[in-house]
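The primary structure of each chain is shown beneath.
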Amino acid sequence: MKTYQDTLQRFVFENTPVRGNLVNLTQTLQQALNKQHLPTGLRKALGELMAASALLAATLKMNGSLVMQIQSKGALKLLVVECNSDIGTTIKMRATAKWSGEVADDQNLFELIEQGQFMITLDPKDGQAYQGIVPIEGDSISAVLENYMMRSEQIDTKIWLSCDGDSAAGMLIQKLPETMNQETQIHDEDIWNRVGYLAGTVTDDELLNLPTETLITRLFHEEDVRLFEPSITQFFCSCTRESVSNMLRMLGDEEINSIIEEQGKIEVNCDFCNAHYAFDKVDAAQLVATEVALTTSPKIH
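Residues numbered from 1 in each chain as written. Predicted model: local features only at pLDDT ≥ 70, side-chain atom pairs only at ≥ 80, totals over all residues. Heavy atoms only, no water.

A. Region of the structure containing the overall build of the chain. Across its full length, the chain holds nine helices and 13 strands. A burial count over the chain gives 49% of its 301 residues as buried. By sequence separation, contacts in the chain at least 24 residues apart represent 62% of the contacts at least 6 residues apart. In the structure as shown, the chain presents an accessible area of about 15900 Å², 48% of it carried by carbon and sulfur atoms. (Helix = DSSP H or I, 4+ residues; strand = E, 2+ residues; numbered from the N terminus. Buried < 20%, exposed > 50% of the residue type's maximum accessible area, 1.4 Å probe, protein only. Contact = heavy atoms within 4.5 Å. Areas by Shrake-Rupley, 256 points an atom, 1.4 Å probe, with all protein chains shown as cover.)

See below:
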């Protein structure tokens, strides 16, 4: 079993418009999902979506958050991964799934989807948020994301994803517009097809278990590839008692008091990390008092 740290590593094929990313998630996946009781099929799908979100976030070179969602009206209601990145340093991730009824461990993700939509939301720290929504097209998460990138971004993208339940990994290659850095690019009409063919020979076992340098050498030993310094990936959940309190205040004092009267306390579990937050009558009174104070405070001009 591999023991090296979870990383994402960028690479480029020198003097061509082709670039790529490789990601490995073991501790990140386990910390994100082990406290959630997920059917095996959904756990593997969520692991693939985590790998995909890290790969895409690395192509954007932005500080901020990327959220990938698969929504459906079938047994699967939602797969969601939130990926927060700081350029060149750390990628922080969390993920969860929602479904209805009984879902067997061996059920495929796409057996559970009806009228599905794939959604990507970008929320940079500096800049305007963006959301893209397309129908689910394809029979794998890789295919869905490739179709999204072609339809929404008009960028040739190929993606390979794998998750065995304990680890997830992925590889992405993209062909950038040829107008970029045209002076330094070597005219090689076959580079995209050749690299795509070579990358397509990768096996799940190689993707999941080989170190990045070894895998790059094995796949592209005749190509001129430059690897960049790796970024670290890790699980991180942003939930806090304060954020849960703010969410509860949005219910209003009448709803808060009603729950307290009926149940004696308010309990909230975070869907992402399963952290438990409990609010008794005293806590609820403080929530209501704060909510009233916020609504009655005079505006400062």
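Next comes the rest of the write-up.
B. Layout of the environment of Glu102. Examined against the element boundaries, Glu102 turns out to sit in the loop between strand 5 (90–99) and strand 6 (117–124). The spatial distance from the C-alpha of Glu102 to the C-alpha of Pro39 is 9.3 Å, given a sequence separation of 63 residues.

C. How the structure looks around the environment of Ile70. Relative to the helices and strands, Ile70 is located in strand 3 (residues 64–71). For Ile70, a relative accessible area of 1% puts it in the buried group. Considered as a pair, Ile70 and Pro135 are 65 residues apart in the sequence and their alpha carbons are 9.6 Å apart. Setting aside chain neighbours within four positions, we find Ile70 in contact with Leu76, Lys77, Leu78, Leu79, Leu109, Ile113, Gln117, Phe118, Ile136 and Ile141.

D. Representation of the side chain of Arg94 within the structure. Of note, Arg94 is situated in strand 5. For Arg94, the side chain forms a polar contact with the side chain of Ser238, separated by 3.5 Å. (Polar contact = N/O pair within 3.5 Å; in protein donor to acceptor, adjacent residues only side chain to side chain.)

E. Structural view of the pattern of salt bridges. Applying the stated rule across the entire model yields nine salt bridges. The closest approach of N and O atoms between Lys98 and Asp271, which form a salt bridge, is 2.7 Å. Taken as a pair, Lys98 in strand 5 and Asp271 in the loop between strand 12 (266–269) and strand 13 (276–279) lie far apart in primary sequence, 173 residues in all. Residue class for Lys98 comes out partly exposed when judged on its relative accessible area of 37%. Between Glu267 and Lys265 there is a salt bridge, with the nearest N and O atoms lying 3.5 Å from each other. Under the relative-accessibility criterion, Glu267 is labelled partly exposed at 46%. Put simply, Asp190, Arg194 and Glu223 are held in one network by salt bridges that share partners. (Salt bridge = Lys/Arg side-chain N within 4 Å of Asp/Glu carboxyl O.)

F. Examining the pairing of strand 13 more closely. Residues Tyr277 and Phe279 line the buried face of strand 13, whereas the alternating positions His276 and Ala278 sit on a face that is not buried. In the sheet, strand 12 pairs with strand 13 via four bridges, with the strands oriented antiparallel. Bridged to Glu267 within strand 13 is Ala278. Between strand 12 and strand 13, which pair antiparallel and follow one another directly, the connecting turn spans six residues, one of which, Asn274, has a positive phi of 65°. (Pairing = 2+ DSSP bridges.)

G. Here's a closer look at the nonpolar core. By size, the foremost hydrophobic cluster in this structure holds 70 residues, and its most contacted members are Met68, Ile70, Leu79, Leu109, Phe118, Ile120 and Leu145. In terms of nonpolar packing, the next biggest core, distinct from the first, is built from 20 residues, Ala169, Ala199, Leu208 and Leu215 among them. (Core = buried A, V, L, I, M, F, W, Y, C linked by side-chain atoms within 4.5 Å.)

H. Summary view of helix 7 (residues 241–249). Within helix 7, burial applies to Val244, Ser245, Leu248 and Arg249. Down the axis of helix 7, the smallest arc covering the buried residues is 140°, so these residues share one side. (Arc of directions from axis to C-beta.)

I. Focus on the side chain of Asn21. Of note, Asn21 is situated in strand 2 (residues 18–25). Each residue touching Asn21, except ones within four places of it in the same chain, is listed here: Gln9, Arg10, Phe11, Leu55, Ala58, Thr59, Gly170, Met171 and Leu172.

J. The state of the cysteines, seen in detail. Applying the stated criterion across every chain yields a total of zero disulfides. You can see Cys239 has no disulfide; the closest cysteine sulfur is in Cys273, sitting 3.5 Å from it. For Cys239, a relative accessible area of 17% puts it in the buried group. (Disulfide = S-S within 2.5 Å.)

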